[in-house]
Amino acid sequence: MLLLQVIVGGLLLGAIYALFSSGLTLIWGMMNFINFAHGEFVMLGMYVALLVVTWLAGGPAAFGFAAAFALFVLGVAVYAGLIRHVMRGPMLAQILSTFGLALLLRYTAFFIFSANVVSLPPTALSGTIDAGGILVSLPQLVAGVTAALLTLAMHLLLTRTTVGSQLLAVAEDRSAAMLMGIRPDRMQALAWGLAAASAGIAGALMATSYPWSPSVGETFGLTAFVVVTLGGFGSVPGAMYAGLIVGLIQSLSAYYLGPIYKDVVVYGLFVALLWLRPQGLMGKA
Amino acid sequence: MGGKLNYGWIALGVALAVYPFAFASPFFRDIGVSVLLAAISASAWNIVGGYAGQVSVGHSMFFGAGAYLPLLVYTHWGWPPVLGVPLGIAVSLVLAVVVGMPTFRLQGHYFSMATIAVAELIRLVVGTWDFVGAAIGLQGPAVGRGWWDLTFAGELPYYYIFLAVLFVVLVVTFQVQRSRAGYYMRAVKAGERAARSLGVPVRRTKLTALMLSATFTSVAGSLYSIKTGFVDPESGLGILVSVQMVIIAALGGAGTLSGPLIGALILIPLQTATNTWFGGGGSGLTYILYGGIIVLLARFEPGGLIELWRRVAPRRLRIRHAA
């Protein structure tokens, strides 16, 4: 029974990984660009949730929206102020831009919030439910299900709406999209906004059941790399499956090997993937 | 840098050689040693990150291998730490192959992601592994048993050892830059597909650059741990070790011979100054500053200060560079 509980917990966490990784993979699919600050976006989403709860006494819906909105704005601003200028530049500039941004955000968070581990005060969502002997905490369940639905929504947005078609058109061929009357710059700004918002909500959702400190961004950023590589770069459905798999692997390795090894196993998986199947499960080589 | 040595290098060499006597206090000598160490590791990073254009953000794995092995052989077998230096290089070369072989087939971003992931993986493993000191780290001989333990009371011997190593690294880099391999590296950086179509062995060139870079970075790590007599996961393998190499090389000018040295001459005194002004809590501010500098460099001057100088300096003062 305990094993089943570990599996359920892993899948619920994996759904959140899927959500923020879908943002990273969207950016890659749109413009072949890796965001090294993606994990820091998740971390900021967690602090936005904390601020909304402690200062405004907001509930889960309020801090979820606040995190999404704040990070959407940040994502668009990062694109307009930084990425737009470096994306055609040398490789060094591309990688340093978001790598530097990650350091800036991480250590600014250390400076403002200190290195202390914090957690969200109990919200309306607290409690545990018992589903036939499997104990699942209510915030974890709500967060996992919400994340899964949002990832699905992201997939539907890309495949079933006009905006989605425009985004994919820019990803496919920037010049051709421009000839069709689509403004690539706006679409790429939108992609950065959506990607950062997905990270922000994921952070807010995770904040309901896990304590954190400013350094979590690095772990989440690397986890997102693993998920995106496993799922295949640029594929949102791939990120969805891969997120669940990585969440599962992580909780199983924490269960069998001990909590300190959960990230070791996941990063090891990444190295193995690079050797064996770098195009991932659903990627085109 | 044409074929001949120019006056700038001679002046710089003389200045570095007499510096410990011009500024004889332990404080200034210590800064000098830090500058040289930073210049060595940034120059090592520069071979693969600057010349070959493969941006590693996890070079701490090589630095850490070089830093751990000397103290490891001392702790377990009582060997002189120096004997661990070749072992550190060997471990670094294995790591270079593990990271480089698969990712150099792929687009450049995979290499960057793999370096940071493997560096973090190693930091986590070392932090829980008792044989290598786990979270506490390792210590070298407190009192040297002979000259071969390389424990000196003052900074002066270390200063000249580091200066000699820096000289070797720069000479080797200079030779590589002029060799066929150097041209291959720049061709790969400028455009992989074009380079391949002209018959450049792209993957082998990148791997060669990484292995050379890993070797020197490992030596830098060994120098660090032999001098301080201590290493722990944070000081040997922390992400900031990698960050410092990247930022120093990029600040001076990645892909140029003098860039990393110039970057170290600027950044290390700056870092010492911010640490002194802001006190113990200043380290956080230092890293905010690092992040800010990296972002501004990427946005406005990815070629670093050398590139800026070439654009704004009066023509007669300009240094000619081959690359």
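Computed from a predicted structure; not experimentally measured.

**Observations concerning the overall build of chain B**
Helix and strand counts for chain B stand at 14 helices and 2 strands. Relative to the compact-globule value of 20 Å for 323 residues, chain B shows a C-alpha radius of gyration of 19 Å, a close match. Each of the three principal axes of chain B carries a C-alpha extent, and together these read 55 × 45 × 35 Å. Burial status across chain B gives 51% buried among its 323 residues. Expressed as a percentage of contacts within chain B between residues at least 6 apart in sequence, the contacts between residues at least 24 apart total 76%.

**Some words on the overall build of chain A**
Across its full length, chain A carries 11 helices and 2 strands. The C-alpha atoms of chain A give a radius of gyration of 18 Å, which matches the 19 Å a tight globule of 285 residues would have. Principal-axis analysis of the C-alpha atoms places the extent of chain A at approximately 60 × 45 × 35 Å. Here chain A holds 285 residues, and the buried ones make up 53% of them. Within chain A, contacts between residues at least 6 apart in sequence are counted, and of these 77% link residues at least 24 apart.

**Structural notes on the nonpolar core**
Nonpolar side chains in soluble globular proteins generally cluster together in the buried interior. Formed by 202 residues in total, the largest nonpolar core has its most connected members in Ile 16, Ala 49 and Leu 71 of chain A together with Ile 40, Phe 162 and Ile 294 of chain B. In terms of residues, this core owes the most to one element, helix 8 (residues 184-207) of chain A, which gives 15 residues. Beyond its immediate stretch of four places on either side in the chain, Ile 40 of chain B contacts Phe 162, Val 165, Leu 166, Val 169, Phe 216 and Ala 220 of chain B.

**Re the interface of chain B and chain A**
Residue-level contacts link 38 residues of chain B with 34 residues of chain A. Within the residue set of the side of chain B that touches chain A, elements represented by two or more residues are helix 4 (84-103), helix 5 (108-128), helix 11 (239-252) and helix 13 (282-300) of chain B. Looking at which element gives the most residues to the side of chain B that touches chain A, the answer is helix 5 of chain B, with 14 residues.

**Some thoughts on the packing of helix 10 (residues 236-257) of chain A against helix 11 (residues 262-276) of chain A**
All names here are of chain A. Helix 11 packs onto helix 10 with a crossing angle of 135 degrees between their chain directions and a minimal axis gap of 8 Å. With respect to each other, helix 10 and helix 11 are oriented oblique. For the pair helix 10 and helix 11, the sense of crossing is right-handed. Here Val 246, Ile 249, Gln 250, Ser 253 and Ala 254 of helix 10 lie close against helix 11, whose contacting residues are Lys 262, Val 265, Val 266 and Leu 269. Tallied by class, residues from the contact of helix 10 with helix 11 come to 6 nonpolar, 2 polar and 1 charged.

**Quick notes on the confidence of the model for chain B**
Of the residues in chain B, 94% reach a pLDDT of 70 or more, and the chain-wide mean stands at 87. Both confidence scores are given for the complex: pTM 0.89, ipTM 0.86.

**What about the environment of Ala 66 of chain A?**
All names here are of chain A. Looking at the element boundaries, Ala 66 is found in helix 3 (residues 60-86). On the basis of neighbour count, Ala 66 is assigned to the buried category, with 21 C-beta atoms found within 10 Å. For Ala 66 and Gly 45, which are 21 residues apart along the polypeptide, the C-alpha to C-alpha distance reads 8.6 Å. Residues in contact with Ala 66, not counting those within four places in the same chain, are Val 48, Val 52 and Gly 58.

**Concerning the environment of Ala 171 of chain A**
If you trace the backbone, Ala 171 of chain A turns up in helix 6 (residues 162-172). It is 4.2 Å that separates the C-alpha atoms of Ala 171 of chain A and Met 30 of chain A, two residues lying 141 residues apart in sequence.

**Notes on the packing of helix 3 of chain A against helix 8 of chain A**
Residue and element names in this part refer to chain A. Axis separation between helix 3 and helix 8 bottoms out at 7 Å; the angle between their running directions is 140 degrees. By the angle between their directions, the pair helix 3 and helix 8 is classed as oblique. Crossing angle aside, the handedness with which helix 3 passes helix 8 is right-handed. In the contact of helix 3 with helix 8, the residues fall into 20 nonpolar, 6 polar and 2 charged.

**A closer look at helix 10 of chain A**
Spacing of three or four residues puts side chains on the same side of an α-helix, whose turn is 3.6 residues. A rise of 1.5 Å per residue sets the reference length of helix 10 of chain A, with its 22 residues, at 32 Å; its end C-alpha atoms lie 31 Å apart and thus fit the reference within 8%. One or two positions beyond helix 10 of chain A, positive phi appears at Gly 258 of chain A, with a value near 110 degrees.

**Regarding unusual backbone geometry**
If you check the backbone angles, Ser 114 of chain A has positive phi at about 70 degrees while not being a glycine. Following the sequence through the fold, Ser 114 of chain A ends up in the loop between helix 4 (91-113) and strand 1 (128-131). Its 12 C-beta neighbours within 10 Å are what place Ser 114 of chain A among the exposed residues. The phi dihedral of Ala 134 of chain B falls on the positive side, at around 45 degrees, and the residue is not glycine. Note on Ala 134 of chain B: 14 C-beta atoms within 10 Å, which makes it partly exposed.

**Observations concerning the pairing of strand 1 of chain A**
Residues and elements named next belong to chain A. Strand direction decides the pairing type here: strand 1 and strand 2 (residues 134-137), joined by 4 bridges, are antiparallel. Bridge pairing in strand 2 links Ile 129 to Val 136. Turn length for the strand 1-strand 2 hairpin, with the two strands adjacent in sequence and antiparallel, is 2 residues, and the turn residue Gly 132 shows positive phi of about 60 degrees.

**A few points about the environment of Phe 36 of chain A**
Residues and elements named next belong to chain A. Of note, Phe 36 is situated in the loop between helix 1 (2-31) and helix 2 (38-56). The spatial distance from the C-alpha of Phe 36 to the C-alpha of Leu 222 is 8.6 Å, given a sequence separation of 186 residues. Residues within four places of Phe 36 in sequence aside, it is in contact with Thr 98, Phe 99, Ala 102 and Gly 221.

**Thoughts on helix 2 (residues 26-51) of chain B**
Residues and elements named next belong to chain B. Between its first and last C-alpha atoms helix 2 spans 36 Å; for 26 residues at 1.5 Å apiece the expected length is 38 Å, and the two agree. At Trp 45, helix 2 shows its maximal bend, which comes to roughly 40 degrees. Among the 26 residues of helix 2, 19 are classified as buried, and the element is accordingly described as predominantly covered. Among the residues trailing helix 2, Gly 53 stands out with phi positive, at a value near 70 degrees.

The rules behind these values
Residues numbered from 1 in each chain as written. Chains lettered and ligands numbered in written order. Predicted model: local features only at pLDDT ≥ 70, side-chain atom pairs only at ≥ 80, totals over all residues. Helix = DSSP H or I, 4+ residues; strand = E, 2+ residues; numbered from the N terminus. Rg over C-alpha atoms; globule rule 2.2 N^0.38 Å. Buried ≥ 20, exposed ≤ 12 C-beta atoms within 10 Å, placed from the backbone. Contact = placed C-beta atoms within 7 Å. Core = buried A, V, L, I, M, F, W, Y, C linked by C-beta atoms within 7 Å. Axes fitted to C-alpha atoms, helices over the stretch in contact; angles between N-to-C directions. Parallel < 35°, antiparallel > 145°, perpendicular 65-115°, else oblique. Left-handed = near helix turned anticlockwise from the far one by under 90°. Nonpolar A, V, L, I, M, F, W, Y, C, P; charged D, E, K, R; others polar. pLDDT = per-residue confidence, 0-100. Expected span 1.5 Å × (residues − 1). Pairing = 2+ DSSP bridges. Bend = angle between axes of the 7 residues up to and from the residue.

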